[in-house]
Amino acid sequence: MNKTASFWNRMAARYARAAIGDQEAYEKKLAITRSYFTPEMQVLEIGCGTGSTAIIHAPHVKHIRATDISENMLMIAREKAAAAGVANITFECTSVDELVVAEGTLDMVLALSILHLLPNHEQVISRAFAMLKPGGLLVSSTVCLQDGYGYLKYILPVMRCVGFAPPTVAFLTAAQLEHEFKTAGFIIEHNWRPCSQKAVFMVLKKPEV
């Protein structure tokens, strides 16, 4: 088991208990995402955590394949889905790098609070583009720590030493993130940020053929 999986396995119970930091912004992101759903959609979520967002979205689409690197997170997610009576989510323990998806087969990819935690986020964005059908959507919510939280570069190493920070944290700006999406080929459909120090929420579209 790698360091990232070990960290999130340790944090799973605490993560599940934690309150959403900005409930109003979260609800708005849910609503915006739902506005793009159709009943026949095949959706992939990378970094699904304990499954809360997948469970909320599941009634509006055909199927969600929800993946995470932490089996402990997924155990909680499966319990929550069963309690909610949601049966159209498949939870799978896998890293993004090991994920097998045929090109051009997905209607939507959800990458929520995950890109800044990946050492190869640019490659992941490009892979998401390839996975999507023409006209398919990537929905991303990403903390851009370089916009106002650059000082954390000096604090995170200490937090890692005591087990309170993940092994990888990228310091992105919103402008850099937008550039990476465009470079991969995406068209920006929606770009919203509650304030300069909040996560950037984007809906990206793969162009139609």
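Heads up: these notes are all about the structure in this document. (Residues numbered from 1 in each chain as written. Predicted model: local features only at pLDDT ≥ 70, side-chain atom pairs only at ≥ 80, totals over all residues. Heavy atoms only, no water.)

**So, the overall build of the chain**
Moving on, step 1. Scanning the chain from terminus to terminus reveals seven helices and seven strands.
Moving on, step 2. Over its C-alpha atoms the chain spans a radius of gyration of 16 Å, differing by no more than 12% from the 17 Å that the globule rule assigns to 209 residues.
Moving on, step 3. Here the C-alpha coordinates of the chain stretch approximately 45 × 40 × 35 Å along the principal axes.
Moving on, step 4. Pairs at least 24 residues apart make up 70% of the contacts formed inside the chain by residues separated by at least 6 positions.
Moving on, step 5. When the accessible surface of the chain is totalled, it reaches about 10300 Å², and 56% of it is carbon and sulfur. (Helix = DSSP H or I, 4+ residues; strand = E, 2+ residues; numbered from the N terminus. Rg over C-alpha atoms; globule rule 2.2 N^0.38 Å. Contact = heavy atoms within 4.5 Å. Areas by Shrake-Rupley, 256 points an atom, 1.4 Å probe, with all protein chains shown as cover.)

**Focus: the packing of aromatic side chains**
Moving on, step 1. Taken as a whole and judged by the stated rule, the model has five aromatic pairs.
Moving on, step 2. Each ring, one from Phe 129 and one from Phe 186, has its centre 5.1 Å from the other, and the planes form 85°; the classification is edge-to-face. Placement of the pair is Phe 129 in helix α5 (residues 121-131) and Phe 186 in the loop between α7 (174-184) and β6 (187-192), with a sequence separation of 57 residues.
Moving on, step 3. A relative accessible area of 4% places Phe 186 in the buried class.
Moving on, step 4. Following the ring pairs from residue to residue traces out a cluster consisting of Phe 7, Trp 8 and Tyr 15.
Moving on, step 5. The cationic tip of Lys 206 hangs over the ring face of Phe 129; the distance from NZ or CZ to the ring centre is 4.9 Å. (Phe/Tyr/Trp six-rings, centres within 6.5 Å; stacked < 30°, edge-to-face > 60°. Buried < 20%, exposed > 50% of the residue type's maximum accessible area, 1.4 Å probe, protein only. Lys NZ or Arg CZ within 6 Å of the ring centre and 35° of its normal.)

**Side note on the packing of α5 against α7**
Moving on, step 1. Taken N-terminus to C-terminus, the directions of α5 and α7 make an angle of 40°; their axes are 9 Å apart at the nearest point. Classified by the interaxial angle, the pair formed by α5 and α7 is oblique. The crossing of α5 and α7 is right-handed. The segment α5 lies against α7, with His 121, Glu 122, Ile 125, Ser 126 and Phe 129 engaging Glu 180, Phe 181 and Ala 184.
Moving on, step 2. Each residue belonging to the contact of α5 with α7 can be placed in one class, and the counts come to four nonpolar, two polar and two charged. (Axes fitted to C-alpha atoms, helices over the stretch in contact; angles between N-to-C directions. Parallel < 35°, antiparallel > 145°, perpendicular 65-115°, else oblique. Left-handed = near helix turned anticlockwise from the far one by under 90°. Nonpolar A, V, L, I, M, F, W, Y, C, P; charged D, E, K, R; others polar.)

**Brief notes about the packing of helix α1 (residues 3-17) against helix α4 (residues 71-84)**
Moving on, step 1. Here α1 crosses α4 at 35°, and the two axes come no closer than 7 Å. Across the interface between the two elements, Trp 8, Asn 9, Ala 12, Ala 13, Tyr 15 and Ala 16 of α1 pack against Glu 71, Asn 72, Met 73 and Ile 76 of α4.
Moving on, step 2. Among the residues forming the contact of α1 with α4, the class breakdown is seven nonpolar, two polar and one charged.

**Here we look at the pattern of salt bridges**
Moving on, step 1. Applying the stated criterion across every chain yields a total of seven salt bridges.
Moving on, step 2. Across the pair Glu 92 and Arg 65 runs a salt bridge, and its minimum N-O distance is 2.7 Å. Of this pair, Glu 92 sits in strand β3 (residues 89-93) while Arg 65 sits in strand β2 (residues 63-68), and the two are 27 residues apart along the sequence.
Moving on, step 3. Notably, a salt bridge pairs Lys 133 with Asp 107, separated by 3.2 Å at the nearest N-O pair. Of the two residues, Lys 133 is situated in strand β5 (residues 132-142) and Asp 107 in strand β4 (residues 106-112); the sequence distance between them amounts to 26 residues.
Moving on, step 4. Residue class for Lys 133 comes out partly exposed when judged on its relative accessible area of 32%. (Salt bridge = Lys/Arg side-chain N within 4 Å of Asp/Glu carboxyl O.)

**Structural notes on a nonpolar patch on the surface**
Moving on, step 1. Residues Tyr 151, Tyr 154 and Ile 155 make up a contiguous nonpolar surface patch of about 370 Å² in total accessible area.
Moving on, step 2. Of note, Tyr 151 is situated in the loop between β5 and α6 (152-161).
Moving on, step 3. What makes Tyr 151 partly exposed here is its relative accessible area of 46%. (Patch = residues over 30% accessible without salt bridge, like charges linked within 9 Å, V, L, I, M, F, W, Y side chains within 5 Å.)

**Quick look at the nonpolar core**
Moving on, step 1. Counting 29 residues, the largest nonpolar core has Leu 44, Ile 46, Leu 115, Leu 138, Phe 181 and Phe 186 as the members making the most contacts within it.
Moving on, step 2. Only β1 (42-46), β4, α5, β5, α7 and β7 (200-205) provide two or more residues apiece to this core.
Moving on, step 3. Examining the composition of this core, we find that five residues originate from one element, α5, more than from any other. (Core = buried A, V, L, I, M, F, W, Y, C linked by side-chain atoms within 4.5 Å.)

**Examining the side chain of Thr 67**
Moving on, step 1. Positionally, Thr 67 belongs in strand β2.
Moving on, step 2. With residues near it in sequence (within four places) discarded, Thr 67 still touches Leu 44, Glu 45, Ile 46, Gly 47, Cys 48, Glu 92, Thr 94 and Leu 99.

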